[in-house]
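Tertiary structure, described
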Amino acid sequence: MAAYLSSLPRTVVTGFVLAVIVYLVLANGMIGSGFLPYFFRWLHIICGVMWIGLLWYFNFVQVPSMAQIPAEQKPAVTKVIAPRALFWFRWGAMATLITGLLLAASMDNFALVYLREALSLGEGQRAIGIGIWLAFIMWFNVWFIIWPNQKKVLGITPVDADATAKAAKWAGAASRINTLLSITMLLGMAGGSHFG
Ligand code: HEM
């Protein structure tokens with residue numbers, strides 16, 4: 001068992017196979033009419049956990065630990081852990097956005113009335129609309145502020161020391177703003193089924 005689980009891809013694929021089996025049991029072996037929204041909701045939550053889990057990892061664990069790490073050990077974080085975490089972080093954000101939009105579109109069989117109502121903060125979809133707009137801002141921050149500045153901090157985009165320090169400040173501020181927004185964003189997401 002331990003040898004089998006030593007492979008992450010094998011572990012993840014097994015997790016998905018188990019989920020499919022449980023779904024077939026729940027659905028009594030049938031793929032019902034509400035399959036697509038359920039499927040996208042499930043994928044959306046998985047991707048959202050990947051994104052926001054890593055956002056909170058950076059803010060609650062990695063950044064506060066840096067001051068305690070001796071200078072000669074810092075490259076283990078900045079050169080090995082952070083680039084890998086940032087890869088899953090930014091693509092988690094992209095996948096959350098895509099699956100969220102697919103979920104919204106599938107709610108009314110791609111008629112897009114639900115999505116338009118949500119985006120215009122219409123009465124029935126105000127909570128999810130607020131969640132989606134906040135998540136859009138957070139997604140923008142990831143792709144257009146955090147990632148370009150992190151590339152300078154990590155040395156992927158070569159810049160001088162002054163520009164590196166500025167980039168670290170911008171990336172740090174955007175990451176903190178996203179942590180702040182994530183709390184209300186999730187209030188809106190969870191409110192979709194509560195108020196809607
Ligand atoms: C990036 C843009 C996003 C879009 C377009 C989007 C869209 C949606 C939609 C349409 C729903 C369904 C609400 C309903 O049942 O009425 C939903 C639910 C949800 N979303 Fe998002 N979302 C986004 C970002 C996020 C993020 C970043 C997270 C973080 C974890 C997240 C987590 C959730 C959760 C937990 C639900 C609740 C599912 C339920 O109550 O069944 N979403 N989202």
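Parameters and conventions
Residues numbered from 1 in each chain as written. Predicted model: local features only at pLDDT ≥ 70, side-chain atom pairs only at ≥ 80, totals over all residues. Near = placed C-beta within 6 Å. Helix = DSSP H or I, 4+ residues; strand = E, 2+ residues; numbered from the N terminus. Nonpolar A, V, L, I, M, F, W, Y, C, P; charged D, E, K, R; others polar. Buried ≥ 20, exposed ≤ 12 C-beta atoms within 10 Å, placed from the backbone. Core = buried A, V, L, I, M, F, W, Y, C linked by C-beta atoms within 7 Å. Contact = placed C-beta atoms within 7 Å. Axes fitted to C-alpha atoms, helices over the stretch in contact; angles between N-to-C directions. Parallel < 35°, antiparallel > 145°, perpendicular 65-115°, else oblique. Left-handed = near helix turned anticlockwise from the far one by under 90°.

A few words now on the site of the ligand. As a structural note, the neighbourhood of the ligand is formed by 23 residues, with Gly48, Gly100, Ala135, Met189 and Gly192 the closest of them. Going through the elements one at a time, helix 2 (35-65), helix 3 (74-106), helix 5 (126-153) and helix 6 (161-195) are the ones with two or more residues in the shell around the ligand. Here the shell around the ligand takes seven residues from helix 2, the largest share from any one element. Here the residues of the shell around the ligand are counted per class, giving 15 nonpolar, seven polar and one charged.

On to unusual backbone geometry, then. For asparagine 109, which is not a glycine, the phi torsion comes out positive at approximately 55°. Relative to the elements of secondary structure, asparagine 109 occurs in the loop between helix 3 and helix 4 (113-119). The class for asparagine 109 is exposed, based on 12 C-beta atoms found within 10 Å.

By size, the foremost hydrophobic cluster in this structure holds 30 residues, and its most contacted members are Trp51, Ala104 and Ala118. Every element with two or more residues in this core is listed here: helix 2, helix 3, helix 4, helix 5 and helix 6. What tryptophan 51 contacts, discounting residues up to four positions off in sequence, is Phe89, Gly92, Ala93 and Thr96.

The next subject is the packing of helix 3 against helix 5. Here helix 3 crosses helix 5 at 150°, and the two axes come no closer than 10 Å. Here helix 3 is positioned roughly antiparallel relative to helix 5, judged by the angle of their axes. Handedness of the crossing formed by helix 3 with helix 5: left-handed. Listed contacts from helix 5 to Leu86, Arg90, Ala93, Leu97 and Gly100 of helix 3 are Ile132, Ala135, Trp139, Val142, Trp143, Trp147 and Gln150. Looking at the contact of helix 3 with helix 5, its residues break down into nine nonpolar, two polar and one charged.

Limitation: the analysis is restricted to geometry and does not speak to function.
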